[in-house]
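# Close look at the chain arrangement
Residue-level listing of the chains:
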Amino acid sequence: MKVSSADFVKSCVASNQYPKECLPEVAFLGRSNVGKSSTINALLKRKGLAKVSMTPGKTQTINFFRIASTDTLLKHFFLVDLPGAGYAKVPRTLREQWGPMIETYLTARAGLCGVVLLVDIRRNDTNGVETVEWIRHLGHEPLVVVTKADKLSRSHRQAALRQIQQSLPVNLAHQVILYSAHTHEGHQELWKAIRHMVGGQQRGMNL
Ligand SMILES: Nc1nc2c(ncn2[C@@H]2O[C@H](COP(=O)(O)OP(=O)(O)OP(=O)(O)O)[C@@H](O)[C@H]2O)c(=O)[nH]1
Ligand SMILES: [Mg+2]
């Protein structure tokens with residue numbers, strides 16, 4: 001599969017601002033600094049499309065990217081970069097806006113067919129269980145992607161992956177994908193999972 005175009009569409013903070021076009025859509029969710037924006041760029045092989053920073057709290061709005069590809073199931077779709085949760089240095093007022101903003105998005109967006117929950121391989125997120133349950137409560141089954149795989153040696157990766165898998169209330173039949181935006185480890189697996197999520201929705205919509 002080849003990405004033929006990837007364009008930033010708009011940044012939104014409220015549902016009346018979302019793009020009107022109805023396409024299948026996959027959103028990236030997770031703590032600040034976990035690598036949401038980097039993962040989107042790496043998947044699309046477009047450096048700098050989604051803004052990345054070493055400082056947590058970079059993405060503060062809901063950012064829509066419109067993608068076209070040569071894959072028959074993924075001809076046109078949106079990838080959506082969400083603000084991160086749970087970073088104390090972001091002013092409280094801002095953080096308090098993001099929870100409801102993300103919740104509205106996850107509830108209201110008709111084309112949303114996949115939620116990718118990113119988890120840092122080095123950090124067992126203490127809010128991970130609540131986050132998975134919150135996403136489910138809002139009607140989505142998250143795909144868990146363990147990011148920054150390159151930060152651990154090969155021998156430590158599988159153990160860390162297992163630990164995360166066991167600590168989250170994910171169905172073990174569901175794949176948990178190990179990913180690195182720096183080395184592109186997991187690239188094919190993640191595209192395959194996205195394709196599956198989009199394909200499921202298109203079958204449902206009879207497209
Ligand atoms: N080593 C390594 N670093 C990564 C990887 N992915 C992201 N990073 C780094 O992690 C930092 C945060 O990345 P972002 O993509 O901005 O993270 P984010 O989740 O979008 O963060 P917010 O927008 O603040 O919520 C940057 O310094 C990235 O270069 C990865 O796979 N491996
Ligand atoms: Mg970001």
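Only a predicted model underlies this, so the values are computations on that prediction, with no experimental measurement involved. (Residues numbered from 1 in each chain as written. Chains lettered and ligands numbered in written order. Predicted model: local features only at pLDDT ≥ 70, side-chain atom pairs only at ≥ 80, totals over all residues. Heavy atoms only, no water.)

## Things to note about helix H4 (residues 154-167)
Our working definition: Strands are runs of DSSP state E lasting at least 2 residues, helices are runs of H or I lasting at least 4, and numbering of each runs from the N terminus. The span you would expect from a helix comes to 1.5 Å times its residue count less one. Only protein chains enter the calculation, and the probe is 1.4 Å; a residue is then buried if its accessible area is under 20% of its type maximum, exposed if over 50%, and partly exposed in between. Directions drawn from the helix axis to the C-beta atoms are what define this arc. We call two residues contacting when some pair of their heavy atoms lies within 4.5 Å.
Between its first and last C-alpha atoms H4 spans 21 Å; for 14 residues at 1.5 Å apiece the expected length is 20 Å, and the two agree. Every buried residue of H4 is listed here: Arg-157, Ala-160, Leu-161, Ile-164 and Gln-165. Taken end-on, H4 shows its buried residues confined to a sector of 135°, consistent with a single buried face. Away from the buried face of H4 by more than 90 degrees, exposed residues Ser-155, His-156 and Gln-166 are located. Buried positions along H4 lie against strand S5 (112-120), strand S6 (143-147) and strand S7 (177-178).

## Quick look at the coordination of the magnesium ion (ligand 2)
Stated precisely, the cut-off is as follows: Water is absent from the atoms considered, so a metal site may look incomplete; donors are defined as N, O and S atoms within 2.8 Å of the metal, or 3.2 Å for Na, K and Ca.
With distances of 2.1 to 2.2 Å, the protein atoms coordinating the magnesium ion (ligand 2) are Ser-37 (OG) and Thr-59 (OG1). In this pair, Ser-37 is assigned in helix H1 (residues 36-44) and Thr-59 in the loop between H1 and strand S3 (62-69), connecting sequence segments 22 residues apart. The pair Ser-37 / Thr-59 is uniform in exposure class, with both members buried.

## Digging into unusual backbone geometry
Phi at Lys-45 is positive, roughly 55°, even though this residue is not glycine. For Lys-45, the position within the fold is in the loop between H1 and S3. With a phi angle near 60°, Lys-148 is a residue other than glycine that sits in the positive phi range. Along the chain, the position of Lys-148 falls in the loop between S6 and H4.

## Remarks on the packing of aromatic side chains
Note the threshold: Geometry of aromatic contacts follows a simple scheme: Phe, Tyr and Trp rings, the Trp one being its six-membered ring, pair when their centres are within 6.5 Å, and the pair is stacked under 30 degrees between planes, edge-to-face over 60, tilted otherwise.
The full count for this structure, using the stated rule, is six aromatic pairs. Ring centres of Phe-64 and Phe-78 lie 6.0 Å apart, and the angle between their planes is 80°; on these two criteria the pair is classed as edge-to-face. Of this pair, Phe-64 sits in strand S3 while Phe-78 sits in strand S4 (residues 76-81), and the two are 14 residues apart along the sequence. For the pair shown, Phe-64 and Phe-78 are each scored as buried. Centre to centre, the rings of Phe-77 and Trp-191 are 6.1 Å apart; their planes meet at 90°, and the pair counts as edge-to-face. Highlighted residues: Phe-77 in strand S4 and Trp-191 in helix H5 (residues 187-204), separated in sequence by 114 residues. Pair check on accessibility: Phe-77 and Trp-191 agree, each one buried. Taken together, Tyr-18, Phe-64, Phe-78 and Tyr-105 form an aromatic cluster joined through their ring pairs.

## Quick look at the pattern of salt bridges
Side-chain pairing between opposite charges can occur once the charged atoms of the two side chains come close. Quick note on the threshold: Throughout this description, the term salt bridge denotes a Lys or Arg side-chain nitrogen within 4 Å of a carboxyl oxygen of Asp or Glu.
Under the counting rule described, the total for this entry stands at seven salt bridges. The closest approach of N and O atoms between Asp-71 and Arg-195, which form a salt bridge, is 2.7 Å. Residue Asp-71 is located in the loop between S3 and S4, and its partner Arg-195 is located in helix H5; the two are separated by 124 residues in the primary sequence. Of the residues examined, Asp-71 reaches a relative accessible area of 12% and is grouped as buried. Of the residues examined, Arg-195 reaches a relative accessible area of 32% and is grouped as partly exposed.

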